[in-house]
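Per-entry structural report
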Amino acid sequence: MGSESGRVKRGEQSRISQWLRRRSKPVAEDPAGLREALLLEVAAAGLPISPAAHPAGYRCSCDRIGCPTPARHPVSFAWQTQSTTDRAQIERWARNQPQANFITATGMVHDVLDVPLEAGRAALERLLAAGIEVGPVAESGGTGDQARMLFFTATRGTPEDEDEWWPCELDCHPETMDEHPGLRWHCRGSYVLLPPAMLPGDFAVSWLRDMRHALPDPLTLLETLTDACARYAGSTTQTPAAVAWPLGR
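Counting from 1, residues in each chain are numbered in the order their sequence is written. In view of the model being predicted, local features appear only for residues whose pLDDT reaches at least 70, and side-chain atom pairs are presented and counted only at 80 or more, with totals across whole chains, interfaces and linings using the full set of residues. Side-chain numbers here rest on the full set of heavy atoms in the structure, without hydrogens or water.

Things to note about the sheet that holds strand S6 (residues 137-140)
Note: two strands are recorded as paired if DSSP finds a minimum of 2 bridges between them. Where helices and strands are cited, they refer to DSSP runs of H or I of at least four residues and of E of at least two residues respectively, numbered from the N terminus. Strand order in this open sheet of six strands is S8-S5-S7-S6-S11-S10, and the pairing throughout is antiparallel. Looking at the sheet topology across the chains shown, the edges are occupied by strand S8 (184-186) and strand S10 (197-199). Neighbouring strand axes in the sheet, compared pairwise and without regard to direction, differ in orientation by 25° on average. Pairing analysis gives three bridges linking strand S5 (residues 110-116) to S8, with the strands arranged antiparallel. Among the inter-strand pairings, Asp114 is bridged to a residue of S8, identified as Arg184. The axes are straight lines fitted to the C-alpha atoms, using for helices just the contacting stretch, and the angles between their N-to-C directions are given from 0 to 180°.

Okay, structure coming up:
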């Protein structure tokens, strides 16, 4: 019985591993309106969104020469106030800007735990195998540190005492880097790209688990994610990135 149970568990983990290795292929056209439907699904869950830049070949659609984060940033400096869940406005954006990516502003309804892709895959496999409720998860393609996995969670909430709040850029300090190697916690004042999004070099941002999954408490995922990030940092010679700015910022 014990050996049979072990084989079943290993089989389940193998299937999870195979599922995690599958990559969603970006599509140049969206005749069925899938992009718009996915954006509206996010908005219906209460997550505010606004337009972002998109690839122009290997460059960014914005006018900035040598944009350091091509196709990964909002198009408006007023993205925090512009972000909305209004269905009519999102439909106008999606139909009038068919190439645009979209971002979601974090810290109001949801936060995002953003980790290196390989660490995220290991953590997701462990979380699912342990039966822990995992919410929406997205994979952001890229090379090196740009390849990330995004775990969408409920927000920490705004404390009654505003002085107790800290913005995203203060989630981690140099002296605490060893405790959170490679982890970024997107909360108030931050954003992430929403699937489906296109990136230069034929990379994409795509859902592994979509918005049909409820947003979990971030603390239920944090220990596994930080442990996976520590293992990832220990297996590379790269210096872990600080929990500092939004994806691509």
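Quick notes on the sheet that holds strand S9 (residues 191-193)
The three strands lie next to each other as S1-S4-S9, forming an open sheet whose pairing is antiparallel. This sheet does not close on itself; its edge strands, each paired only once, are strand S1 (49-52) and S9. Across the sheet, the mean angle separating the axes of adjacent strands is 35° when strand polarity is ignored. Here S1 pairs with strand S4 (residues 101-105) via four bridges, running antiparallel. Residue pairing across strands places Pro51 opposite Phe102, the latter belonging to S4. Sheet strands touched by helix H4 (residues 87-96): S1 and S4. Its angle to S1, the strand with the most contacts, is close to 15°. Here a residue-residue contact requires only that any non-hydrogen atoms of the pair lie within 4.5 Å.

Observations concerning the pattern of salt bridges
We define a salt bridge as a side-chain nitrogen of Lys or Arg found within 4 Å of a carboxyl oxygen belonging to Asp or Glu. The full count for this structure, using the stated rule, is ten salt bridges. With a shortest N-O distance of 2.6 Å, Arg148 and Asp114 are connected by a salt bridge. Of this pair, Arg148 sits in strand S7 (residues 148-154) while Asp114 sits in strand S5, placing them 34 residues apart in sequence. Between Asp227 and Arg231 there is a salt bridge, with the nearest N and O atoms lying 3.0 Å from each other. With a gap of four residues between them, Asp227 and Arg231 both fall in helix H6 (residues 219-234), about one helical turn apart. Through salt bridges with shared partners, one network takes in Glu36, Arg87, Glu91 and Arg95.

Here's the deal with the side chain of Asp210
Relative to the helices and strands, Asp210 resides in the loop between strand S11 (203-209) and H6. On the basis of relative accessibility, which here comes to 14%, the residue Asp210 falls in the buried class. Polar contacts, as used here, are pairs of N or O atoms within 3.5 Å; protein pairs need one atom able to donate a hydrogen and one able to accept it. Residues neighboring in sequence count only if both atoms are side-chain atoms. Polar side-chain contacts of Asp210 include one of 2.7 Å to the side chain of Arg212. With residues near it in sequence (within four places) discarded, Asp210 still touches Glu41 and Pro136. Only protein chains enter the calculation, and the probe is 1.4 Å; a residue is then buried if its accessible area is under 20% of its type maximum, exposed if over 50%, and partly exposed in between.

What to know about the environment of His73
The topology assignment puts His73 in the loop between strand S3 (59-60) and helix H3 (79-82). If sequence neighbours within four positions are ignored, His73 has contacts with Ala52, Ala53, Cys60, Cys62, Cys67 and Tyr191.

Some remarks on the packing of aromatic side chains
Aromatic rings from Phe, Tyr and Trp, taking only the six-membered ring of Trp, are treated as a pair when their centres fall within 6.5 Å; an angle between ring planes under 30 degrees marks them as stacked, one over 60 as edge-to-face, and anything in between as tilted. Going through the model one piece at a time under the given rule, you end up with three aromatic pairs. Taking 6.4 Å as the distance between ring centres and 45° as the angle between the ring planes, the aromatic pair formed by Trp93 and Phe102 counts as tilted. The pair Trp93 / Phe102 is uniform in exposure class, with both members buried. Here the aromatic rings of Phe152 and Trp207 are separated by 5.1 Å at their centres, their planes lie at 55°, and the arrangement is tilted. Within this pair, whereas Phe152 is found in strand S7, its partner Trp207 is found in strand S11, the two being separated by 55 residues in sequence.

Description of the packing of helix H5 (residues 117-129) against H6
Contact geometry of H5 with H6 gives a least axis separation of 8 Å together with a crossing angle of 135°. In this view, H5 runs oblique relative to H6, as classed from their interaxial angle. Relative to H6, H5 is oriented so that their crossing is right-handed. Taking contact as the criterion, the partners of Glu118, Ala119, Ala123, Arg126 and Leu127 in H5 are, on H6, Thr220, Leu221, Thr224, Leu225, Asp227, Ala228, Cys229, Arg231 and Tyr232. Three categories are distinguished: nonpolar for Ala, Val, Leu, Ile, Met, Phe, Trp, Tyr, Cys and Pro, charged for Asp, Glu, Lys and Arg, and polar for the others, with Gly belonging to the last. The residue inventory of the contact of H5 with H6, partitioned by class, reads eight nonpolar, two polar and four charged. Note that the term roughly parallel is reserved for angles under 35 degrees, roughly antiparallel for angles over 145, roughly perpendicular for angles of 65 to 115, and oblique for everything else. By convention the crossing between two helices is left-handed if the near helix lies anticlockwise of the far one by an angle smaller than a right angle, and right-handed if it lies clockwise.

Some remarks on H5
One fewer than the residue count of a helix, multiplied by 1.5 Å, yields its expected span. Along its 13 residues, H5 runs 18 Å from first to last C-alpha, staying within 8% of the 18 Å computed at 1.5 Å per residue. For H5, the set of buried residues is Leu117, Ala119, Gly120, Arg121, Ala123, Leu124 and Leu127. Positive phi appears at Gly131, one or two residues downstream of H5, with a value of about 75°.

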